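Summary of structural features
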Amino acid sequence: SPTHRDVPGTPAQAAVPRATIDGSRPAWAVPSNQVNRPATGSLRARVYLAGRDQSGLTAFAAAVSTPGNPLYRHFLTPAQARARFGVSSQEISGVRSWLAGAGLRVTSVTGSGPAGEYLSVLGSLLAAGRAFAVTFGRFRGPDGRQYRAPAQAASVPASLAGSVLSITGLDTAPHLASPADIAAPATT
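Residues numbered from 1 in each chain as written. Predicted model: local features only at pLDDT ≥ 70, side-chain atom pairs only at ≥ 80, totals over all residues. Heavy atoms only, no water.

So, about the overall build of the protein chain. For the protein chain, the count of helices and strands is five helices and ten strands. For the protein chain, with 188 residues in total, the buried portion stands at 38%. Long-range pairs, those at least 24 residues apart, make up 64% of the contacts in the protein chain between residues at least 6 apart in sequence. When the accessible surface of the protein chain is summed, it comes to about 10,500 Å², and 56% of that surface belongs to carbon and sulfur atoms. (Helix = DSSP H or I, 4+ residues; strand = E, 2+ residues; numbered from the N terminus. Buried < 20%, exposed > 50% of the residue type's maximum accessible area, 1.4 Å probe, protein only. Contact = heavy atoms within 4.5 Å. Areas by Shrake-Rupley, 256 points an atom, 1.4 Å probe, with all protein chains shown as cover.)

Another aspect to go through is the pairing of strand β8 (residues 146-150). Among the five residues of β8, four are classified as buried, and the element is accordingly described as predominantly covered. Where strand β7 (residues 136-140) meets β8, five bridges bridge the pair, whose relative direction is antiparallel. The residue of β8 that forms the bridge with F136 is P150. Joining the antiparallel neighbours β7 and β8 is a turn of five residues, in which G144 adopts a positive phi near 90°. (Pairing = 2+ DSSP bridges.)

This brings us to the side chain of D171. Mapped onto the elements of the fold, D171 is located in the segment after β10 (164-168). Buried charge without a partner: D171 forms no salt bridge, and the closest opposite charge is R148, 7.0 Å away. A polar atom in the side chain of D171 sits 3.1 Å from the backbone nitrogen of A173. Non-local contacts of D171, meaning those with residues more than four positions away in its chain, are made with P26, W28, R148, A149 and P150. (Lys, Arg positive; Asp, Glu negative; His and termini not counted. Salt bridge = Lys/Arg side-chain N within 4 Å of Asp/Glu carboxyl O. Polar contact = N/O pair within 3.5 Å; in protein donor to acceptor, adjacent residues only side chain to side chain.)

Below, the discussion takes up unusual backbone geometry. Positive phi, close to 65°, is recorded for R73, a residue that is not glycine. Looking at R73, the relative accessible area reads 58%, which means it is exposed. The phi dihedral of A133 is positive, around 55°, even though this residue is not glycine. Mapped onto the elements, A133 comes out in the loop between α5 (125-132) and β7.

So, on to α5. Within α5, six of the eight residues are buried, which leaves it mostly tucked inside the rest of the structure. Those residues of α5 that sit buried are L125, A127, A128, G129, A131 and F132.

Let us now look at the packing of aromatic side chains. Throughout the structure, instances matching the rule amount to four aromatic pairs. When the centroid spacing of 5.0 Å and the interplanar angle of 45° are considered together, the rings of Y48 and Y118 count as tilted. Taken together, the positions of Y48 in strand β4 (residues 42-49) and Y118 in strand β6 (residues 118-124) put the pair 70 residues apart, joining distant regions of the chain. Judged by relative accessible area, Y118 falls into the buried class, the value being 13%. (Phe/Tyr/Trp six-rings, centres within 6.5 Å; stacked < 30°, edge-to-face > 60°.)

Here we come to the sheet that holds strand β3 (residues 34-35). Spatial strand order, β3-β7-β8: three strands in an open sheet with antiparallel pairing. Either end of the sheet is taken by a strand with one partner, and the two such strands are β3 and β8.

This part takes up the environment of F85. Along the chain, F85 falls in helix α3 (residues 78-85). When the C-alpha positions of F85 and Q54 are compared, they lie 7.2 Å apart, and in sequence the two are 31 residues distant.

The strand order across the open sheet formed by four strands is β5-β6-β4-β10, and the pairing between neighbours is antiparallel. The open sheet has two edge strands with one neighbour each: β5 (105-110) and β10. The mean inter-strand angle of the sheet, taken between neighbouring strand axes irrespective of direction, is 20°. Pairing between β5 and β6: five bridges, direction antiparallel. (Axes fitted to C-alpha atoms, helices over the stretch in contact; angles between N-to-C directions.)

Judged by how many residues are buried, β7 sits mostly within the fold: four of five residues are covered. Inspection of the sheet shows β3 paired to β7 by two bridges, in the antiparallel sense. Each bridged residue has a counterpart across the sheet, and for V35 the counterpart in β7 is R138.

So, in structure tokens, the structure goes:
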């Protein structure tokens, strides 16, 4: 979930309180791995939306999965889940407007589940830097190759902190899941 803090940047960005998006800067994108080659070009990214009542969704999922709970196995239909926990059209509109105002083009809105919506965006690194209050650089990744990545964690205007869950596509490194990325199953 986003962490609220002020993020330095351009004077316009400094005037607007921002919320940091956890996990938006790779751990290897640190000064000691930076190479003296500028990051240029454009990017395609996804801005994932949080939806309504994330804590309520978590509690409901636990309740329907816990034997002995009165809600055990009383699942919601997809339509009920969207109505109760899904992304609102106001959230989509607000995030879309902010991205467009920064110079990014929203190419599609995808997904229909609770917390399953994302906006695909396209634009220059300059526009993305403006939108997410980051500077892009070239860094040596864990495999020794060079990749583009943000030098800071991305952030969004604080007014949108509850709407934006995650941002992907800011770096160019391949993302492969490993067994360590998957939580261990619960034991009973």
